[in-house]
Amino acid sequence: MASKRRPHAKGARPAPSPPGSVFEQLAGTADRDSRITHTEHVPPRVGRHADWPAPIRPEVIEAVRAAGIERPWEHQAAALRHALADESVVVATGTASGKSLTYTLPVLNTLLEGAQAPDGRGTTALYLAPTKALAADQLRALKELARPLGTGARPAVYDGDTPYEEREWVRLHANYVLTNPDMLHRGMLPSHPRWSSFLRGLRYVVVDECHTYRGVFGSHVAQVLRRLRRVAAKYGADPVFLLASATSADPAVAATRLTGVPVREVTEDTSPKGRLTFALWEPPLTGTQGERGAPVRRTATSEAAELLADLAGRDVRTLAFVRSRRGAELTAVIAQERLAENDRSQVARIAAYRGGYLPEERRALERALHSGELLGLAATTALELGVDISGLDAVLIAGYPGTRASLWQQAGRAGRQGQDALAVLIARDDPLDTYLVHHPEALFSQPVESTVLDPDNPYVLAPHLCAAAAEIPLSEADFGLFGPAAAEVVPSLERRRLLRRRGSTWYWTRRERAVDLTDIRGQGGSPVQVVEEATGRLLGTVDAAAAHSTVHEGAVHLHQGRSYVVRQLDLEDPDGSVALVEESTPPWSTMARDTTAITILETTSRVPWGEGELCFGSVEVTHQVVSYLRRKLVTNEVLGETKLDLPPRTLRTRAVWWTVSEDQLDSAGIAPEVLPGALHAAEHASIGMLPLFATCDRWDIGGVSVPLHPDTLLPTVFVYDGQPGGAGFAERAHATAQRWLGATREAIAACECERGCPSCVQSPKCGNGNEPLHKRGALRLLTELLRAAPPSTESPAHKDREISGP
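This text gives an overview of the structure that appears in the document. (Residues numbered from 1 in each chain as written. Predicted model: local features only at pLDDT ≥ 70, side-chain atom pairs only at ≥ 80, totals over all residues. Heavy atoms only, no water.)

## Quick word on the nonpolar core
Where we set the bar: Nine residue types can take part in a nonpolar core, namely buried Ala, Val, Leu, Ile, Met, Phe, Trp, Tyr and Cys, and a core is a set of them joined through side-chain atoms within 4.5 Å. For every residue, the accessible area obtained with a 1.4 Å probe (protein chains only) is divided by the maximum for its type, and the residue is called buried under 20%, exposed over 50%, and partly exposed between those limits. In this analysis, two residues are considered to be in contact whenever any of their non-hydrogen atoms come within 4.5 Å of each other.
Judged by nonpolar contacts, the single largest core of 117 residues is most densely connected at F278, W658, L690 and W740. Excluding its chain neighbours within four sequence positions, the residues that come into contact with W658 are E613, L614, L679, A682, P715, T716, V717, L741, L781, L782 and L785. Membership of the second largest hydrophobic core comes to 42 residues, among which are I56, A63, L80 and V240.

Below you can see the structure in the form of structure tokens.
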């Protein structure tokens, strides 16, 4: 594909100056040099070629050669052989290693063969991407590659942005449909009779960036793919799955769990790679004080904005990854303001890119990236994936992205044309980020993570069984396809009158659409529309699950560099939830606070840790957004707190928790008045460290600490998954508890603050205003707990696998 060409491919743009020298200039001043805690130099790699596998048609090979690719890399050839032999395969190699070629060539090959079929429709293929941007990018590259092949390949995008007048053409004429799991779930599968000719010829299903399908979202996609296999079988098709993934542990295991079919793996990356300079960067202290007098560091957002402006000002094409939509907007605004101090003409060459934009806004930004009109972009992870951003020289990562796989994926956006590249991880004021920039071995000497998903989660499985019954009535023969839990879930759906049994078959008999029972991205309902009050103009959308905390009354909302204040959040509007906003530029940002209570429903595992216990099981969590803080821009200083009146929300999920006994508290020297702060501090720090051991973000998980919990009758700390039914994160925490809590203790001990700060025990999302916290008490508590821990029983496979490269 165009994004995967060799370093000398036609159209490659040389870097204006070597990224290494640019980095030296950026870090050359005394105040910045002290911010660099480590510099890793990833050496270049020489590529190894192979011959084209024999079954590929000559005209396909010629089209690829016309795109600048004379021969495949060895790993590409290996994957092609599996695909052409009708074996499902996952390619898990580094960024810009040519993964798209491993599924594009088999697809083009079979489409050309199918075009010669008597009915003119022949073979078809389906491409699934986690984002619309990636599907649109693939279509551009595919059309360029397939142009010499004439009308044999007729690719088309079919997603929520596709105009209705075009959708009928896609159904009737396209033989390669590029879409996303959401559209497959809500649009294509429920109306499968209209897609019958396409499904009848379905030979390949491409699942791109499959490592993103993790947690509850991945579990939903796994069930969507099982429904696809079932519907395709009705029309006589048994498609082969071709999957592409970032480097990950056990990719074949994860891909098999995702698709439900045996999958081969190709993991050795034989493509060439330029030299990568990877710096770890810790922002300086600001001199201001935060909650409870804690020292406050400069925000990663401000630091990234400054570096983005400096790099763009040197004509270094740079992408800054920011953790939140608001952060992306703020980074772009600050960078533009900094550039304007020297040259206002350069301001338009920096922009933000995030989810929630209208389709026309996203497409315009993607075109500007491809054309080189933009020098710098502040983006959310919507651009982490394989979107072709040719010619980027540097990547700034404002905050650890949650997994080492994502870190390398984001860093790999730069240097895609083989040139040397620069990546900088900028630490947030956060326990995990602080730990990582001072423990580089945790990033550069550890294996990447496994993908965690659980298709048997009953909260996930139940609505998909209803959707499957609506597509084709269910029978016991289908239970094997959907997993062992299906036999237990179907009777419960019958009792709830969601399914009706007739003989040995179950039917969906309700008027509403079964697919509307679930949102596969776990967003908890329809998005909230953000509307400008004065004009009625739709600015964008916010996920329903995030609405209480992001567009509550008084919240500051950023969109396309403009600042708005929410005047009203209406969740009861019959036409859909809406947040009414007006344009305003207050000198602060807002952050919601909530309170949480937890009840144990079932204990699945108990492991004695001395007189305490480590447990795992099911819990019910009740939380409520109760207020929001106003924080001064740049310094993050708290200016005030405002109460809110929003309804509570209840969540049934999975959790890991640990208890300590009275004797253990006495041994640790923790007095009753210290205990609440010690537990609370240990909870915060452990949540901050868990993403190092589970494929999660700290915002995917929550926690509660109680000096005397009514269900355990002991001091207890809970850490729970933030998704209905669980996402596998708490289970992973239970499996790695000794290493996880050991790293938590080390992070607290290593922090130089006196009483606790955001770098160790303070949390940015604490509902209690980080009160009470006792740093020394948490340290003593964790030391005593770990002293009683049994020998680790974790599988060595999780510890000893070496990273296969960035």
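## Concerning the sheet that holds strand β18 (residues 500-502)
Using the following cut-off: The pairing criterion for strands is at least two bridges between them, as found by DSSP. For helices the rule is a DSSP run of H or I covering at least 4 residues; for strands it is a run of E covering at least 2, with both sets numbered from the N terminus onward.
The three strands are arranged β17-β19-β18 in an open sheet whose pairing can be described as antiparallel. Strands at the two margins of the open sheet, each flanked by one partner only, are β17 (474-475) and β18. Where β17 and strand β19 (residues 505-507) come together, two bridges link them in antiparallel fashion. When the bridges of β19 are listed, L474 appears paired with W506.

## Quick word on unusual backbone geometry
Of note, the phi angle at R497 is positive, near 60°, even though the residue is not glycine. Following the sequence through the fold, R497 ends up in the loop between α20 (486-495) and β18. Even without being a glycine, L713 presents a positive backbone phi close to 60°. Among the secondary structure elements, L713 is positioned in the loop between β29 (701-706) and β30 (716-721). For L713, a relative accessible area of 61% corresponds to the exposed category.

## Points about the pattern of salt bridges
As a reminder of what qualifies: Salt bridge, as used here, is a side-chain nitrogen of Lys or Arg placed within 4 Å of a carboxyl oxygen of Asp or Glu.
According to the stated counting rule, one finds 37 salt bridges in the structure shown. Measuring nitrogen to oxygen at the nearest pair gives 3.9 Å for the salt bridge that ties R214 to D700. With R214 in the loop between β6 (202-207) and α10 (215-234) and D700 in the loop between α23 (675-689) and β29, the pair connects residues that are 486 residues apart, well separated along the chain. Ionic pairing is found between R652 and E620, a salt bridge with its closest N-O pair at 3.0 Å. With R652 in strand β28 (residues 649-659) and E620 in strand β26 (residues 612-632), the pair connects residues that are 32 residues apart, well separated along the chain. Take E620: its relative accessible area is 23%, and that puts it in the partly exposed class. When salt bridges that share partners are traced, they join R32, R35, R298, E303, E306, D310 and R338 into one network.

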